[in-house]
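# Fold and geometry: a report
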Amino acid sequence: MSTRPTRRALMLGTLCAASCLSMAAAAAEEERPGSDKRPQQRDLLVVAEGEREGELIKPEDLKLGGPPLFAWPKDPESAVIRDGSRLNELLVVRLAPEELDEATRPRAADGIVAYSAICTHAGCPVTAWMKATEGEQEVFKCMCHNSEYDPRHSAQVVFGPAPRRLAALPLAIVDGSLVVAGTFVGKVGAQQG
C-alpha cells in the first residue's frame, strides 16, 4: 500500500484550503464593523489609493487648484476605514476660498471641499479633474458619460446628462487634520429607477 497522496486527496485538500481562505477573508470583513457605515461627524479623512493609501490627509497635502485626492472617511475611535461601500469614496480638493459660492463656503475648511466620488447619472466613479467643456476652470468629470461638476458651486452639473449635483460632505480642520463636520448634503449616487 502506497503512502503517496492520490490525485483525489490532493484535489480535496486544495479545495478545503481554498474554502478556509475564503471563510477567513469573509471573517476579516466582518471584524471591521462600521466599514460600510456612511461618514460620521468627527471622522478623519485618509488617502484612498496610491503610495499614501490609508494615511491621514492634512490641509497641506492638497495643492491649491487641484488635483483632488480620493479619500475615505476613517472612524477616529476604532480606526476603521469606511471603505466597505463605494458610496463613501470622496473627492477632496483645495480651492481659493474667494472662488467658492455662498452655499459652498460654509461646508469648506480653508477652501478645502469634499464631494461624493459617485456620479449622479449612472453611478460611475467620478475620476477626472480637467478643464470644463464650457469655460476655463477645472472641474470634476465622470468619464463614463461626460458629466461635469463644478466644485466651486456645490458641485452643480455644468455639462452632461447628470440630473443633479454631487453630494457634499462638510469639513473642518481639527488639530491639523481634515475632519468630517456633518453628514452628506444631498443624495449620494445615481437615481434609482
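Chains are numbered independently. Their residues run from 1 in the order of the written sequence. For this predicted model, a pLDDT threshold of at least 70 governs which residues receive local features, and a threshold of 80 or more governs which side-chain atom pairs are given and counted, while totals over whole chains, interfaces and linings are taken from all residues. Hydrogens and water are ignored here; the side-chain numbers use all heavy atoms of the structure.

## Regarding the nonpolar core
For soluble globular proteins, the rule of thumb is that nonpolar side chains tend to be buried together. We call a set of buried Ala, Val, Leu, Ile, Met, Phe, Trp, Tyr and Cys residues a nonpolar core when their side-chain atoms join them within 4.5 Å. Under the scheme applied here, a residue whose accessible area is under 20% of the maximum for its type counts as buried, over 50% as exposed, and between as partly exposed, the area being computed with a 1.4 Å probe on protein chains only. Within the largest apolar cluster, 23 residues are counted, with the highest numbers of intra-cluster contacts made by L91, V113, Y115, V126, F140, Y149 and L166. Among the elements of the structure, β2 (69-74), β3 (90-94) and β4 (112-116) are those that each provide at least two residues to this core. In this analysis, two residues are considered to be in contact whenever any of their non-hydrogen atoms come within 4.5 Å of each other. Not counting residues within four places of it along the chain, the set of residues in contact with F140 comprises P68, L91, V93, Y115, V126, A128, W129, S147, E148, Y149, P151 and L166. Core analysis: the next-biggest nonpolar cluster, separate from the first, contains 18 residues, L90, I112, A114 and A167 among them. Secondary structure elements are defined from DSSP: runs of H or I of at least 4 residues count as helices, runs of E of at least 2 residues count as strands, and each element is numbered from the N terminus.

## Quick look at the pattern of salt bridges
Here, a salt bridge means any Lys or Arg side-chain nitrogen found within 4 Å of an Asp or Glu carboxyl oxygen. Within the structure shown, the criterion is met by ten salt bridges. Its salt-bridge partner being D43, residue R82 comes within 2.5 Å of it at the nearest N-O pair. Residue R82 is located in the loop between β2 and β3, and its partner D43 is located in the loop between α1 (7-30) and β1 (44-47); the two are separated by 39 residues in the primary sequence. There is no split in this pair, since R82 and D43 are both buried.

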